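What follows is each chain in one-letter form.
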Amino acid sequence: MSADTPADTCHIETPRKRVASYASVSKLSSLKRRRISMLGGDLNMQQDFTGESTLRPSNSLDRFVPSRPKTTIPLTATPRTNRISRFFGLSDDRTLNYKENEPRGGDHGKMFNMLRRSASSLFDIPPLSHTSSVVSNLTSRQQCLLVLDAPGMTQDPLATPITWSRDNHIAVACGINVYYQNLDTRAVFRLCKVDGPDSGELCHLKWGGHGSGRKLALGTSRGVMQVRDAGEGHDKGGMIRMWRDANSLSVGGLDWNQDLLAVGLEDGSISLFDVRCPEKTRRVPGHKGKILNLKWNAEGSMLASGDDLGTVYIWDKRAGKELLSEGTQGPKMRHRAPVKALAWCPWKPDLLATGSLYPEGTIRVWSSSSSSALPTPTLTIPLNTAVLSLHWSPHCKELLSTHGSSFEPLPSTRNSVSSAMPSRPMKLLSTPLTNSITVHDYPSGKRLLNLTSAHLGPITHSCLSPSGEDIFTVCSRDETLRKWHVWKKRPDPVKKESAFDKWSIR
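This section reports on the structure supplied with the text. Quick caveat, the model's predicted, so the values are computed rather than measured.

Turning next to the sheet that holds strand β4 (residues 162-164). Taken in spatial order, the four strands of this open sheet run β4-β5-β6-β7, and their pairing is antiparallel. If you trace the sheet from one side to the other, it starts and ends with β4 and β7 (187-193), each paired once. Between one strand and the next, the sheet's axes are offset by a mean angle of 20°, whatever the strand orientation. Of the strand pairs in this sheet, β4 and strand β5 (residues 169-174) are connected by three bridges, and their pairing is antiparallel. Within β5, the residue paired with Thr163 across the bridge is Ala171.

Quick look at the structure:
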């Protein structure tokens, strides 16, 4: 050590007091922290772990919240929430808002905004629709293809005066005469005349299906049932079978199952007739009300029937017994109005669509495989319009309905399916569904087409073509039949040629 170096330059540092940190957890609890009261004081003061307070400047920048959460109660509702929102920086307008603000250019800026929105709509891609859908057919051309006159047609809205055969023949009941037209050659023929004693009004027609040849069944309002031969020979128009109800009850519906003809009557009973036998096969009192329609499924194993009390039954032949015998009657399906429209689904055989008249006006889709005593529908479409006929498309998942008058909706109840049918005066309304042809998507129930004013009055009945592409609708008020192209058959898939198709194994 040199002489000029003072002795006091050598000193020992005094140890500093140890500050608590996360590394020394043992003494962290002994440190006295500063308490911040939530009732008073400035919430801009932030507390650190060393016990010192730092002031957060009110004008300091922070992260912007990209999307303000939707809250039912505002953050500044109470003094406490006001302080909390001010502490977290939510009380000011520093939140990004992706809203298109109006420019400051006045009218010029508004016009520019309108042009920009109009131009953006040109780039919207419409939803794709299949070529077989109604969107690609009847929606694009809402015009009928053919109009036929039917003078003297019955005015009964519950009648089914037209039918379309598998040979592309359309038959219509005009008064007491029955005419049919070959739609391939456009030739018109007079088949027969029903003018016997107490025959009644001719109301129902039905062509025979598979295995029944070219036979036409007739039904009148006095319980007369006839089967006529519509062949090309000298027996054309001749009577094959004739049955008459002993009580002269009105016929409520006809449908064929090969050689079996199912007939619904006014007293709620269902009769089966075999054209090979002169007498009826079986008669069962199934309904309490008048039967309005009958419909076999595609396989011929189940028969659906609807009456004027809103009850729908399914008679199942697969129960191991004869049809209409004890044990074949399925569960009861209920509407709150008379049920005339019935349609079995061709691509899902257990689906049955039903449509009701006034005062309900609802379409329901049921599953026949349900084991419940009071099944619930898989789809309900409230329309508040009379549903007079239904057809499933065999080419796509769509359901067509024809309608009559529209009316006020029924008051809602807890269980509208099983409620009794209300009685109230009818108040008509004018809606787009009145006298219209409507097509619904399944299973969403979305309305794809609403062809208003297809006729001058209610479309009382319709029938589907053998190809499943066209329908004929009938209106008793204007006494016309109109043909519409609704769907289109799906094209056959193109088979790609494989390398193995060019060679064969010898």
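With that settled, consider the nonpolar core. Residues Ile363, Val365, Leu390 and Trp392 are the most contacted members of the largest nonpolar core, which totals 16 residues. Elements that contribute at least two residues to this core include exactly β20 (339-344), β21 (351-356), β22 (362-367), β23 (379-382) and β24 (385-392). The leading source of residues in this core is β24, at three residues. Apart from the residues lying within four places of it in its own chain, the contact partners of Ile363 are Thr354, Gly355, Leu379, Thr380, Ile381, Leu383, Val387, Leu390, Leu399, Ser401 and His440.

Attention now moves to the sheet that holds β22. With respect to topology, four strands assemble into an open sheet ordered β20-β21-β22-β23, the strand pairing being antiparallel. At either margin of the open sheet sits one strand with a lone partner, and together these are β20 and β23. Going from strand to strand, the sheet's axes swing by 15° on average, the running direction of each strand aside.

Next up on the list: unusual backbone geometry. Residue Tyr358 is joined to Pro359 through a cis peptide bond whose omega torsion reads 10°. By secondary structure assignment, the location of Pro359 is in the loop between β21 and β22. Looking along the chain, the bond that leaves Tyr442 and enters Pro443 is cis, with omega of 10°. The topology assignment puts Pro443 in the loop between β27 (437-441) and β28 (447-451).

The rules we used
- Residues numbered from 1 in each chain as written.
- Predicted model: local features only at pLDDT ≥ 70, side-chain atom pairs only at ≥ 80, totals over all residues.
- Heavy atoms only, no water.
- Pairing = 2+ DSSP bridges.
- Helix = DSSP H or I, 4+ residues; strand = E, 2+ residues; numbered from the N terminus.
- Axes fitted to C-alpha atoms, helices over the stretch in contact; angles between N-to-C directions.
- Core = buried A, V, L, I, M, F, W, Y, C linked by side-chain atoms within 4.5 Å.
- Buried < 20%, exposed > 50% of the residue type's maximum accessible area, 1.4 Å probe, protein only.
- Contact = heavy atoms within 4.5 Å.

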